[in-house]
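So you can see what is in the structure, the chains are spelled out below.
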Amino acid sequence: MLRISADKMRETFSTVLQQAGFSIEKANACATIFTENSCDGVYTHGLNRFPVFVEMVRQGLVDSKAEPVLISKNGLIEQWDGKLAPGMLNGKHCMGRAIALAEQSGIGCVAIRNTSHWMRGGTYGWQAAERGYIGICFTNTIANMPPWAGTDPRLGNNPLVIAVPRKQGHVVLDMAMSQFSFGKLLQYQSQGNALPLAGGYDQQGQLSTDPGAIIQSQRLLPVGFWKGSGLSLMLDLLATILSGGRSTAEITAAGKEYGISQVFICIKPEDPDLCETLTEQIITYTKSSTPEDAENPVSYPGEHTLKTRRENQAQGIPVDEKIWNEVLQLLQHK
């Protein structure tokens with residue numbers, strides 16, 4: 001397997017983005033996030049998504065020169081317009097604002113409308129946890145999942161992120177509302193592999209482990225069946241109402257996933273030491289469960305991310321050679 005150093009990947013991404021019209025500062029910031037996503041093993045929102053991002057910039061769906069604008073402030077809640085600026089930069093900005101509010105008052109909530117795909121949602125959970133704060137964020141998306149008892153896509157997979165700081169490794173849950181995210185389905189499909197569990201329905205309405213069949217039917221399986229369906233709906237409601245932005249229905253009507261709505265919440269623990277003690281107690285108790293497979297012990301959300309990060313920092317980031325070559329070709333496209 002081809003492995004690329006993080007420095008080389010970041011430099012390559014930055015150069016491509018500068019050629020696409022980004023300032024050096026913004027190109028470096030975006031390149032860093034794409035590289036960190038790949039380094040942490042989230043290739044679907046790192047290298048694999050990079051060519052798609054560049055194409056969205058070329059299509060005018062992402063404005064490389066735009067900056068988010070504050071629309072309103074109500075106590076500890078702020079509402080921003082993302083102006084179609086790069087979603088990952090808007091996301092870092094909004095979580096930064098939520099952190100600033102939490103520093104002052106213990107909690108902060110920032111909602112943004114008219115933004116673009118934030119890539120890996122966990123980025124902003126890690127951002128809060130690195131400051132010693134609890135982070136919660138979510139976004140709506142284009143419809144790619146049917147509601148429970150329905151057959152037509154009407155819900156987004158609407159990722160939800162919850163992060164809790166921990167000295168021995170932050171606890172960061174980053175989950176889509178579908179059993180497998182759309183990006184993960186594409187990854188399995190490109191590798192020619194079946195899903196380990198049923199991830200949706202084929203066009204005959206049968207549960208399937210064939211990622212291609214699920215992508216074609218657009219019938220992704222909600223996590224927890226009707227519970228995931230309900231949670232997806234509520235996240236869309238909250239993101240749309242708090243931001244005053246577009247809902248999954250409006251995003252879907254546009255035909256492409258842009259101009260979406262997101263929410264970033266940050267909470268400052270009143271007693272960081274107590275937070276650490278309680279977190280450690282809960283993690284220790286959870287991991288004490290006897291594993292089904294001795295080679296795969298029980299883990300907490302974010303634990304595998306840290307393991308993958310250390311491995312890729314030491315050995316280089318594994319890349320899909322076809323996609324890496326696409327990126328290298330972008331260097332020549334001006």
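Here we summarise the structure given alongside this text. (Residues numbered from 1 in each chain as written. Predicted model: local features only at pLDDT ≥ 70, side-chain atom pairs only at ≥ 80, totals over all residues. Heavy atoms only, no water.)

1. As for the pattern of salt bridges
Tallied over the entire structure, the rule returns 11 salt bridges. The partner of Lys73 in a salt bridge is Glu78, and the shortest N-O contact between them spans 3.2 Å. Looking at Lys73, the relative accessible area reads 49%, which means it is partly exposed. Among the salt bridges present, the one from Glu103 reaches Arg131, with a minimum N-O distance of 2.2 Å. Note that Glu103 is positioned in helix 4 (residues 87–105) and Arg131 in the loop between helix 5 (122–130) and strand 5 (134–139), a separation of 28 residues in sequence. By relative accessible area, Glu103 is classed as partly exposed at 36%. One continuous salt-bridge network, built from bridges that share partners, spans Asp40, Arg120 and Arg309. (Salt bridge = Lys/Arg side-chain N within 4 Å of Asp/Glu carboxyl O. Buried < 20%, exposed > 50% of the residue type's maximum accessible area, 1.4 Å probe, protein only. Helix = DSSP H or I, 4+ residues; strand = E, 2+ residues; numbered from the N terminus.)

2. Things to note about helix 2 (residues 24–39)
Taking 1.5 Å of rise per residue, 16 residues should cover 22 Å, and helix 2 covers 22 Å from first to last C-alpha, within 8% of that figure. Taken residue by residue, helix 2 has Lys26, Ala27, Cys30, Ala31, Ile33, Phe34, Thr35, Asn37, Ser38 and Cys39 as its buried positions. Elements in contact with the buried residues of helix 2: helix 1 (6–19), helix 3 (50–58), helix 4, helix 5, helix 11 (303–315) and strand 11 (317–318). One or two positions beyond helix 2, positive phi appears at Gly41, with a value near 90 degrees. (Expected span 1.5 Å × (residues − 1). Contact = heavy atoms within 4.5 Å.)

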